[in-house]
Amino acid sequence: LESFQKFEDHVGDWRRWQLLNVGYVLARRDLEGPALEKVHEEGKVKVYRVADPLPRAWVVHNAVQIPDDQALAYLNDDKFDPLVTGVLPPDDALVLGSGDASGGSAAVLDARPGIMVLEGSSPDDGLVVVSQPYHDGWDATVDGKPVSIHRVDYLLQGIGVSSGEHRVELRYHLPLWPVIVSLLAAAIGLVVVIFIRR
C-alpha cells in the first residue's frame, strides 16, 4: 500500500492511468487531456473516457535499472515509452537490451480474482509487463515452469520470456501466517468464552 501511495503521489495522472490500464475516470473536478472525453455528468461527478489506455499486458525488449526515487521521476518523463522500455530496480538480475527492439504481444485469456492467464509471443527475449500491482503473494509460470516475477515501472509485474510463443500464468496465494493468526485468535476467543460461561 505504501508503494501504491508513493506511485499515486509522484506519478502524474495521465501516466498513472496509462500504466494502470484505466479506461474511465470519475472526478469531481474538471479534467483536461488530449485523449480525455467527458461522457457523463451527474451532479458534481463527471465521468471521463480515457481514449488510449495501455493494454492489460504488453511485451517490452528494453530495460533500464533505476533506483525507486529516480524511477518515479523517470516515469513522468515524456521521453519514456512504457510500450518500449521497462523500468527495473537496480538489484534486479533480469538482463534485457537497451536498443530499439520491438514487437511481441500479450493477450489476456483469463482474468479472475487471484488468477490471470496470458498468451504471449516475442521475437526476442523480452519482458511481459502486466498492469497489475506487484506483490509477494503472486507466483508465475511460463509454459508450466515456475519463474520469478519482476517489479517493473515501480509498481507493476513483469515476467521474463524467451523468443517464441508462451503461456504465462499468474496465481495469488494467500500467505500462511494470516491464516495461522486467525485460527489462533479464534481458538483463544473460544477458550475465553468457555471460561466466562463456567
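Quick notes on the rules
Residues numbered from 1 in each chain as written. Predicted model: local features only at pLDDT ≥ 70, side-chain atom pairs only at ≥ 80, totals over all residues. Heavy atoms only, no water. Helix = DSSP H or I, 4+ residues; strand = E, 2+ residues; numbered from the N terminus. Contact = heavy atoms within 4.5 Å. Pairing = 2+ DSSP bridges. Axes fitted to C-alpha atoms, helices over the stretch in contact; angles between N-to-C directions. Buried < 20%, exposed > 50% of the residue type's maximum accessible area, 1.4 Å probe, protein only. Arc of directions from axis to C-beta. Salt bridge = Lys/Arg side-chain N within 4 Å of Asp/Glu carboxyl O.

Participant: Any details on the side chain of Gln132? Residues and values, ideally.
Facilitator: Residue placement: Gln132 occurs in strand S9 (residues 126–133). When sequence neighbours within four positions are dropped, the list of residues in contact with Gln132 reads Arg56, Met116, Trp138, Leu155, Leu156, Gln157 and Leu170.

Participant: Tell me what's going on with the sheet that holds strand S12 (residues 150–152), and back it up with residues and numbers.
Facilitator: The strand order across the open sheet formed by four strands is S4-S9-S13-S12, and the pairing between neighbours is antiparallel. Of all strands in the sheet, those with a lone pairing partner are strand S4 (57–60) and S12, marking the two edges. Averaged over all neighbouring strand pairs, the angle between strand axes comes to 35°, with direction disregarded.

Participant: Which residues make up the sheet that holds strand S7 (residues 105–112), and what are the values?
Facilitator: The five strands are arranged S7-S8-S14-S10-S11 in an open sheet whose pairing can be described as antiparallel. Of all strands in the sheet, those bounded by a partner on one side alone are S7 and strand S11 (145–147). Averaged over all neighbouring strand pairs, the angle between strand axes comes to 25°, with direction disregarded. Bridge analysis of strand S10 (residues 138–142) against strand S14 (residues 164–172) gives five bridges, and the strand direction is antiparallel. Across the sheet, Trp138 pairs through a bridge with Tyr172, a residue of S14.

Participant: Before we move on, can you summarise helix H3 (residues 68–76) with the specific residues and values?
Facilitator: When H3 is considered as a whole, its buried residues turn out to be Ala71, Leu72 and Leu75. All buried residues of H3 fall inside an arc of 100° around its axis, so they share one side. In H3, the exposed positions angled more than 90 degrees off the buried face are occupied by Asp69 and Ala73. The secondary structure elements touched by the buried residues of H3 are helix H1 (2–10), helix H2 (13–19) and strand S6 (85–88).

Participant: Let's hear about the pairing of strand S5 (residues 62–65): which residues, and what values?
Facilitator: Of the pairings in the sheet, the one linking S5 to S6 comprises four bridges and is parallel in character. Residue Gln65 lies in a different strand from S6, and its bridge partner there is Leu88.

Participant: So, the pattern of salt bridges: which residues are in play, and what are the values?
Facilitator: Using the criterion set out here, one finds ten salt bridges in the structure. A salt bridge links Glu2 to Lys6, with the nearest nitrogen and oxygen atoms 3.8 Å apart. You can see Glu2 and its partner Lys6 sitting in helix H1, four residues apart, about one turn around the helix. Through salt bridges that share partners, Asp13, Arg16 and Arg29 make up one connected network.

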